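# Summary of the model geometry
In case you want the letters, here they are:
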Amino acid sequence: MKRLLAIELQKIWLNKASRILTLTYFILLSFIALIASIKFDLGIFKFHLAEMGIFNFPFIWHFNTYIAAWLKFFLAIVIVSMMANEYSYGTLKQNLIDGMSKKELVLSKFLTVTLFAFCSTVFVFIMSLILGYSFSSYTEMGIVFSDLDYLLAFFVKLVGFFSFCLFLGILVKRSAFAIGFVLVWSIIEAIAKGFLNFKLFPKGNTAANIEQFFPLESISNLIVEPFTRLSVVKNIGTQIGVANMKDYGVHFSAILIVLAWTFIFMLLSYKLLKNRDL
């Protein structure tokens, strides 16, 4: 496995565009810390994000993983480009000639995807600890390390999404088309959700129960938006008579669905390579 991973990492590092995108991704992750410096002071209206509690433990685990997840598209471009370059430069065929099996080819890509997700999770964990201890009102050990399931959800979310992008990269062989297909698929899911909610099942939870199995929707469901959890937002909702009944937790069933899709994407990737004449 070390050999397979080393080969993939070398390919990415030797490609200038992939190297720049990877470095940009981790640099942008660190920019989450800049949110703490956002301040508005307009007379009686004062707005300071850090003082709103976004970096309080344990809320910070929810907030940072949600924000960081939006940056996953930078690494998604690297992953689909990784597959597109295999076809463009003929390295896929060369690896097979050198004795690597198609199963090992898919495994090497999956190991790279998993490593990217793991490094991202560790990066967010360390950054959140630093920000939390700098700004949080609560630094008791029991509070600091509660709600770490958001980090698990973040890791699974990245692995699932990157596996989807990897499958698309193998399917269409062109990075631009693969990224475009992600957008097209999200539109397809949005149309299907609208049809389920407004036509087939306008009442009850039937539509939501079906939607949770959609690939991108299931990945999105792992970490729900955190903003309405903030006390200032809750107070506004209470004042205007809007009750907040949203469930913000990380559910084991949601993780299982994404893991199932990850397995399906990798299996389909292998089947494609196995049946395709390279």
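Residues numbered from 1 in each chain as written. Predicted model: local features only at pLDDT ≥ 70, side-chain atom pairs only at ≥ 80, totals over all residues. Heavy atoms only, no water.

## Section: the pattern of salt bridges
Under the counting rule described, the total for this entry stands at 4 salt bridges. Between Lys-11 and Glu-8 there is a salt bridge, with its nearest N and O atoms 3.5 Å apart. Of this pair, Lys-11 and Glu-8 both sit in helix 1 (residues 2-14), 3 residues apart, which is roughly one turn of that helix. Overall, Glu-8 belongs to the buried group, its relative accessible area being 0%. A salt bridge links Glu-217 to Lys-193, with the nearest nitrogen and oxygen atoms 3.0 Å apart. In this pair, Glu-217 is assigned in helix 11 (residues 215-221) and Lys-193 in helix 9 (residues 175-200), connecting sequence segments 24 residues apart. A relative accessible area of 14% means that Glu-217 is categorised as buried. Salt bridges sharing partners connect three or more residues here, namely Glu-8, Lys-11 and Lys-109. (Salt bridge = Lys/Arg side-chain N within 4 Å of Asp/Glu carboxyl O. Helix = DSSP H or I, 4+ residues; strand = E, 2+ residues; numbered from the N terminus. Buried < 20%, exposed > 50% of the residue type's maximum accessible area, 1.4 Å probe, protein only.)

## Here's the deal with helix 9
Helix length check: helix 9, at 26 residues, gives a terminal C-alpha distance of 36 Å against a target of 38 Å (1.5 Å per residue), a fit within 8%. On its buried face, helix 9 sits against helix 4 (72-89), helix 8 (149-172), helix 10 (206-211) and helix 11. (Expected span 1.5 Å × (residues − 1). Contact = heavy atoms within 4.5 Å.)

## Topic: the nonpolar core
In a soluble, globular protein the nonpolar side chains are often hidden away together inside. Ranked by internal contacts, the top residues of the largest apolar core, which has 68 residues, are Ile-79, Phe-154, Phe-161, Phe-162, Leu-166 and Leu-222. The element best represented in this core is helix 8, accounting for 15 residues. Ignoring sequence-local partners within four residues, the contact set of Phe-154 consists of Tyr-25, Thr-65, Ala-68, Ala-69, Ser-120, Thr-121, Val-124 and Ile-223. (Core = buried A, V, L, I, M, F, W, Y, C linked by side-chain atoms within 4.5 Å.)

## Remarks on the packing of aromatic side chains
For the structure shown, the criterion picks out 17 aromatic pairs. Here Phe-57 and Trp-61 contribute two aromatic rings whose centre-to-centre distance is 5.8 Å and whose plane-to-plane angle is 40 degrees, an arrangement assigned as tilted. Taken individually, Phe-57 and Trp-61 each receive the classification buried, so the pair is uniform in this respect. Ring centres 6.4 Å apart and planes at 55 degrees place the aromatic pair Phe-161 and Phe-162 in the tilted group. A relative accessible area of 0% places Phe-162 in the buried class. Among the aromatic residues, ring-to-ring pairing joins Phe-55, Phe-59, Phe-63, Tyr-66, Trp-70, Phe-135 and Phe-227 into one connected group. Lying across the ring of Trp-13, Arg-19 places its NZ or CZ 5.5 Å from the centre. Against the face of Phe-161 rests Lys-72, its NZ or CZ located 5.0 Å from the ring centre. (Phe/Tyr/Trp six-rings, centres within 6.5 Å; stacked < 30°, edge-to-face > 60°. Lys NZ or Arg CZ within 6 Å of the ring centre and 35° of its normal.)

## A few points about the packing of helix 3 (residues 59-69) against helix 6 (residues 102-135)
Following both chains from N to C, one finds helix 3 and helix 6 inclined at 135 degrees, their axes separated by 10 Å at the closest point. Comparing the axis directions of helix 3 and helix 6 gives the class oblique. You can see that helix 3 and helix 6 cross each other, and the crossing is right-handed. Contacts between helix 3 and helix 6 involve Ile-60, Trp-61, Asn-64, Thr-65 and Ala-68 from the first element and Val-124, Phe-125, Met-127, Ser-128, Leu-129, Leu-131 and Gly-132 from the second. Looking at side-chain class alone, the contact of helix 3 with helix 6 contains 8 nonpolar, 4 polar and no charged residues. (Axes fitted to C-alpha atoms, helices over the stretch in contact; angles between N-to-C directions. Parallel < 35°, antiparallel > 145°, perpendicular 65-115°, else oblique. Left-handed = near helix turned anticlockwise from the far one by under 90°. Nonpolar A, V, L, I, M, F, W, Y, C, P; charged D, E, K, R; others polar.)

## Topic: helix 1
Between the first and last C-alpha of helix 1 there are 18 Å, a value that for 13 residues agrees with the 18 Å anticipated at 1.5 Å per step. Among the structural elements, helix 2 (16-30), helix 4 and helix 6 are those in contact with the buried residues of helix 1.

## Things to note about the confidence of the model for the chain
Here the chain averages 85 in pLDDT, and 88% of its residues register 70 or above. The element-level mean pLDDT for the chain is lowest in helix 12 (residues 231-239), coming to 59, with helix 11 highest at 95. (pLDDT = per-residue confidence, 0-100.)

## Focus: the side chain of Lys-72
With respect to the helices and strands, the residue Lys-72 is situated in helix 4. Among the polar contacts listed, one links the side chain of Lys-72 to the backbone oxygen of Ala-69, at a separation of 3.2 Å. When sequence neighbours within four positions are dropped, the list of residues in contact with Lys-72 reads Tyr-25, Lys-157, Leu-158, Phe-161 and Phe-162. (Polar contact = N/O pair within 3.5 Å; in protein donor to acceptor, adjacent residues only side chain to side chain.)

## Focus on a nonpolar patch on the surface
On the surface, Trp-13, Leu-23, Ile-27, Phe-31 and Leu-34 cluster together to form a nonpolar patch covering roughly 520 Å² of accessible area. Relative to the elements of secondary structure, Trp-13 occurs in helix 1. (Patch = residues over 30% accessible without salt bridge, like charges linked within 9 Å, V, L, I, M, F, W, Y side chains within 5 Å. Areas by Shrake-Rupley, 256 points an atom, 1.4 Å probe, with all protein chains shown as cover.)

## Section: the packing of helix 6 against helix 8
At a minimum axis distance of 9 Å, the contact between helix 6 and helix 8 shows a crossing angle of 150 degrees. Judged by the inter-axis angle, helix 6 sits roughly antiparallel to helix 8. Crossing of helix 6 against helix 8: the hand is right-handed. Contacts between helix 6 and helix 8 pair Lys-109, Phe-110, Val-113, Thr-114, Phe-116, Ala-117, Phe-118, Ser-120, Thr-121, Val-124 and Phe-125 from the former with Leu-151, Phe-154, Phe-155, Leu-158, Val-159, Phe-162, Ser-163 and Leu-166 from the latter.

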